[in-house]
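Take a look at the letters that make up each chain.
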Amino acid sequence: MLNDKQKLLFENLKNIKSYWVNTAVENLSSNADLIASNCEEEYQFLAEKLSSVEELLAFQKTQNETIEGVIHSILVMIDGGDDLADKLSLDLIDGETKESLQNDIALHEEFAGYLLDVEDE
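Owing to the predicted nature of the structure, the values given are computational and were not obtained by experimental measurement.

In this section: the overall build of the protein chain. On a plain count of helices and strands, the protein chain comes out with four helices and zero strands. The linear arrangement of helices and strands in the protein chain, starting from the amino end, is α-α-α-α. Compactness check: the protein chain gives a C-alpha radius of gyration of 18 Å against a globular reference of 14 Å for 121 residues, more than 25% above the reference. The principal-axis extents of the C-alpha atoms in the protein chain amount to approximately 50 × 35 × 25 Å. Sorting the 121 residues of the protein chain into buried and exposed places 26% on the buried side. Restricting the contact set of the protein chain to residue pairs at least 6 apart, pairs at least 24 apart contribute 62%. Carbon and sulfur atoms provide 51% of the accessible area of the protein chain, an area that totals close to 8,600 Å².

Here we take up the nonpolar core. Nonpolar side chains tend toward joint burial in soluble globular proteins. The biggest cluster of nonpolar side chains holds 15 residues, and the ones touching the most others in it are Phe10, Leu13, Leu75, Leu107 and Phe111. Secondary structure elements with two or more residues in this core: helix 1 (4–26), helix 3 (53–79) and helix 4 (107–119). With sequence-adjacent residues up to four places away left out, Leu107 is seen in contact with Leu9, Phe10, Leu75, Ile78, Asp79, Leu92, Leu101 and Gln102.

One pass over the structure, following the stated rule, counts three aromatic pairs. Measuring from ring centre to ring centre gives 5.0 Å for Tyr19 and Trp20, while their planes differ by 90°; the resulting arrangement is edge-to-face. Residue class for Trp20 comes out partly exposed when judged on its relative accessible area of 48%. Three or more aromatic residues link up through ring pairs in this structure, and these residues are Phe10, Phe111 and Tyr114.

A few words now on a negative patch on the surface. A surface patch of negative charge is lined by Asp33, Glu40, Glu41 and Glu42. Mapping Glu42 onto the fold places it in helix 2 (residues 40–49).

Running from amino to carboxyl end, helix 1 crosses helix 3 at an angle of 145°, the nearest separation of the two axes being 9 Å. Both helix 1 and helix 3 take part in a crossing whose hand is right-handed. Contact residues: helix 1 offers Leu13, Lys17, Trp20, Val21, Asn22, Ala24 and Val25, while helix 3 offers Phe59, Gln60, Gln63, Asn64, Ile67, Glu68, Ile71 and Leu75. Taken together, the residues of the contact of helix 1 with helix 3 break down into nine nonpolar, four polar and two charged.

What follows deals with the pattern of salt bridges. Overall, the coordinates contain four salt bridges when judged by the stated rule. Each of Lys5, Asp94 and Glu99 takes part in a single network of salt bridges with overlapping partners.

How each quantity is defined
Residues numbered from 1 in each chain as written. Predicted model: local features only at pLDDT ≥ 70, side-chain atom pairs only at ≥ 80, totals over all residues. Heavy atoms only, no water. Helix = DSSP H or I, 4+ residues; strand = E, 2+ residues; numbered from the N terminus. Rg over C-alpha atoms; globule rule 2.2 N^0.38 Å. Buried < 20%, exposed > 50% of the residue type's maximum accessible area, 1.4 Å probe, protein only. Contact = heavy atoms within 4.5 Å. Areas by Shrake-Rupley, 256 points an atom, 1.4 Å probe, with all protein chains shown as cover. Core = buried A, V, L, I, M, F, W, Y, C linked by side-chain atoms within 4.5 Å. Phe/Tyr/Trp six-rings, centres within 6.5 Å; stacked < 30°, edge-to-face > 60°. Patch = residues over 30% accessible without salt bridge, like charges linked within 9 Å, V, L, I, M, F, W, Y side chains within 5 Å. Salt bridge = Lys/Arg side-chain N within 4 Å of Asp/Glu carboxyl O. Lys, Arg positive; Asp, Glu negative; His and termini not counted. Charge placed at Lys NZ, Arg CZ, Asp CG, Glu CD. Axes fitted to C-alpha atoms, helices over the stretch in contact; angles between N-to-C directions. Left-handed = near helix turned anticlockwise from the far one by under 90°. Nonpolar A, V, L, I, M, F, W, Y, C, P; charged D, E, K, R; others polar.

Dropping the structure here:
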């Protein structure tokens, strides 16, 4: 069972994911402000190719999956489940209480379960 701080972490990660998925889709609109993007031409190219609701939904789903994958990989790294663990041990610590957010859980597994629970609602 997740504690309140773990839930806050996962909620924030979910919100970050949602923000960037929505930003990617919004950047395909004709009136998108791409001044801050390093991929202005690429977004304009994709906007010409992806215009139907079905195409934009497919793009949104693939962006969502990609960003979830990146977050999952980062959490695996923090959990010590990749090659970095042989060289460096990581932990997420509450700066105020100095308590680990890992608390004998696999963050990457719990985050996946969290998303299943909250995104199905």
